[in-house]
Amino acid sequence: MACFLVPGTEAIVTTIVTKAVEKKEKENKKEGQESVKESGIKLSTKLGWLNNMLWGGSALLAFEHVWHGEVIPSFPFLTAVREGDAAGMLHEMGTAGVCMAVLVTLTWAGMVWVSSSIEKRKSEQAGADSGEMNA
Amino acid sequence: MTLLITVFAAIIATLIWYKNAPDNSMRYGTLCLMYWGASLMWLVDAVFEYAELGAEYFVPAGEDMLNDAFLGFCVVALGMIIWLVILFVKDPQGIIKKTLSGNKA
């Protein structure tokens, strides 16, 4: 019906957050306050992964809804609303839509956790190597 | 069928990204993540449909399967078009810029 609107809305929010983070990272770079974390993969890059999944998924899902006639080019744009089944549509958004957004976000969280673990291991190894050299 | 085709597209895009990593000048990563995002969303859709239909979900009518396959290929094509637009707009290698400036000269 309109489940893609939930991850689509999340995509808008995460894009705004990404822009804010990018701005902050640029300011920090100018001031020379680059933290240890930023020397690896930037947070804005990691948020970009989530944006790509949410925007891409929502766009392709929206196309599927157009294909099945659930989204129409005229007002109110949703067949469910035109046919007076707004409650059914909201129920689907609250169940399937929310699950979609949660699953994509959890997958992204897993990706971030894996990449952070690799970065951490790399920096620990580099630290151990430099310690050995100093000794 | 749409889910299956999108998952295969995501796997192929991921293999292409992996082969070219860490060089991301062609933005294969964007294509991968788009397909994986859509696949995850359709997976949720499939789980809900399975919960509703039960085992019947796995024996779709021939016509439905054909329509879903057609939709799947259209989705893959749309994903590639979106990726191409992003690639041309971002123009990471400056090819579009070079071509346009070459035409002006």
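See above for the structure.
Notes on the structure in this doc start here. These figures come from a predicted structure and were not determined experimentally.

**Notes on the overall build of chain B**
Phase 1 of the analysis: Per the secondary structure count, chain B includes four helices and zero strands.
Phase 2 of the analysis: Written out in order from the N terminus, the α and β elements of chain B read α-α-α-α.
Phase 3 of the analysis: Rg of the C-alpha trace for chain B: 18 Å, well past the compact-globule value of 13 Å for 105 residues, more than 25% over.
Phase 4 of the analysis: Along the longest, intermediate and shortest principal axes, the C-alpha atoms of chain B span 65 × 30 × 20 Å.
Phase 5 of the analysis: Buried positions account for 33% of the 105 residues belonging to chain B.
Phase 6 of the analysis: Across chain B, every contact between residues at least 6 apart in sequence was considered, and the portion connecting residues at least 24 apart equals 75%.
Phase 7 of the analysis: Accessible surface for chain B amounts to roughly 6800 Å². Of this, 69% is attributable to carbon and sulfur atoms.
Phase 8 of the analysis: Here chain B holds 6 positive side-chain charges and 9 negative ones, and the gap between their average locations is 33 Å.

**Some details on the layout of surface pockets**
Phase 1 of the analysis: Space inside the largest pocket adds up to approximately 1500 Å³.
Phase 2 of the analysis: In this structure, the largest pocket is lined by 42 residues; those nearest its centre are Thr45, Gly48, Trp49 and Asn52 of chain A together with Leu33 of chain B.
Phase 3 of the analysis: The set of elements that each furnish at least two residues to the lining of the largest pocket consists of α1 (5-30), α2 (43-67) and α4 (86-134) of chain A together with α1 (2-20), α2 (28-53) and α3 (62-90) of chain B.
Phase 4 of the analysis: Of all the elements, α2 of chain A adds the most residues to the lining of the largest pocket, at 10 residues.
Phase 5 of the analysis: When grouped by side-chain class, the residues that make up the lining of the largest pocket number 18 nonpolar, 15 polar and nine charged.
Phase 6 of the analysis: Of the pockets and cavities examined, the second largest pocket occupies roughly 1000 Å³.
Phase 7 of the analysis: Together, 31 residues line the second largest pocket, and Asp45, Ala46, Glu49, Tyr57 and Asp68 of chain B are the ones closest to its centre.
Phase 8 of the analysis: The greatest single-element share of the lining of the second largest pocket, amounting to seven residues, is contributed by α2 of chain B.

**A word on a nonpolar patch on the surface**
Residue and element names in this part refer to chain B.
Phase 1 of the analysis: Nonpolar side chains collect at one region of the surface, where Met1, Leu4, Phe8, Ile11, Ile12, Leu15, Ile16 and Met65 lie side by side and expose about 730 Å² of accessible area between them.
Phase 2 of the analysis: Considering every element that reaches the nonpolar patch, the biggest residue donor is α1, with six residues.
Phase 3 of the analysis: Along the chain, Ile16 turns up in helix α1.

**Quick look at the interface of chain A and chain B**
Phase 1 of the analysis: Contacts between the two partners involve 23 residues from chain A and, on the opposite side, 22 residues from chain B.
Phase 2 of the analysis: Of all residues in chain A, the largest losses of buried area upon contact with chain B belong to Asn52, Leu60 and Trp67 of chain A, amounting jointly to 31% of the total for that side.
Phase 3 of the analysis: Viewed at the interface, chain B and chain A are joined by zero salt bridges.
Phase 4 of the analysis: If you look at where chain A meets chain B, you find two residue pairs in polar contact (both at pLDDT 80 or more).
Phase 5 of the analysis: The element best represented in the side of chain A that touches chain B is α2 of chain A, accounting for 13 residues.
Phase 6 of the analysis: A breakdown of the residues in the side of chain A that touches chain B according to their chemical character gives 15 nonpolar, seven polar and one charged.

**Overview of the nonpolar core**
Phase 1 of the analysis: Ranked by internal contacts, the top residues of the largest apolar core, which has 46 residues, are Leu61, Val104 and Trp108 of chain A together with Tyr35 and Trp42 of chain B.
Phase 2 of the analysis: Elements represented by at least two residues in this core include exactly α1, α2 and α4 of chain A together with α1, α2 and α3 of chain B.
Phase 3 of the analysis: Top element by residues in this core is α2 of chain B. It accounts for 12 residues.
Phase 4 of the analysis: Discounting chain neighbours no more than four positions away, the residues touching Leu61 of chain A are Cys3, Phe4 and Met100 of chain A together with Ala38, Met41 and Trp42 of chain B.

Analysis parameters
- Residues numbered from 1 in each chain as written.
- Chains lettered and ligands numbered in written order.
- Predicted model: local features only at pLDDT ≥ 70, side-chain atom pairs only at ≥ 80, totals over all residues.
- Heavy atoms only, no water.
- Helix = DSSP H or I, 4+ residues; strand = E, 2+ residues; numbered from the N terminus.
- Rg over C-alpha atoms; globule rule 2.2 N^0.38 Å.
- Buried < 20%, exposed > 50% of the residue type's maximum accessible area, 1.4 Å probe, protein only.
- Contact = heavy atoms within 4.5 Å.
- Areas by Shrake-Rupley, 256 points an atom, 1.4 Å probe, with all protein chains shown as cover.
- Lys, Arg positive; Asp, Glu negative; His and termini not counted.
- Charge placed at Lys NZ, Arg CZ, Asp CG, Glu CD.
- 1 Å grid on protein atoms, 1.4 Å probe; cavity = no way out; pocket = protein on both sides within 12 Å on 5 of 7 lines; lining within 4 Å.
- Points joined across faces, edges and corners; volume = space filled by probe spheres on them.
- Nonpolar A, V, L, I, M, F, W, Y, C, P; charged D, E, K, R; others polar.
- Patch = residues over 30% accessible without salt bridge, like charges linked within 9 Å, V, L, I, M, F, W, Y side chains within 5 Å.
- Salt bridge = Lys/Arg side-chain N within 4 Å of Asp/Glu carboxyl O.
- Buried area = accessible area lost by both parts, 1.4 Å probe.
- Polar contact = N/O pair within 3.5 Å; in protein donor to acceptor, adjacent residues only side chain to side chain.
- Core = buried A, V, L, I, M, F, W, Y, C linked by side-chain atoms within 4.5 Å.

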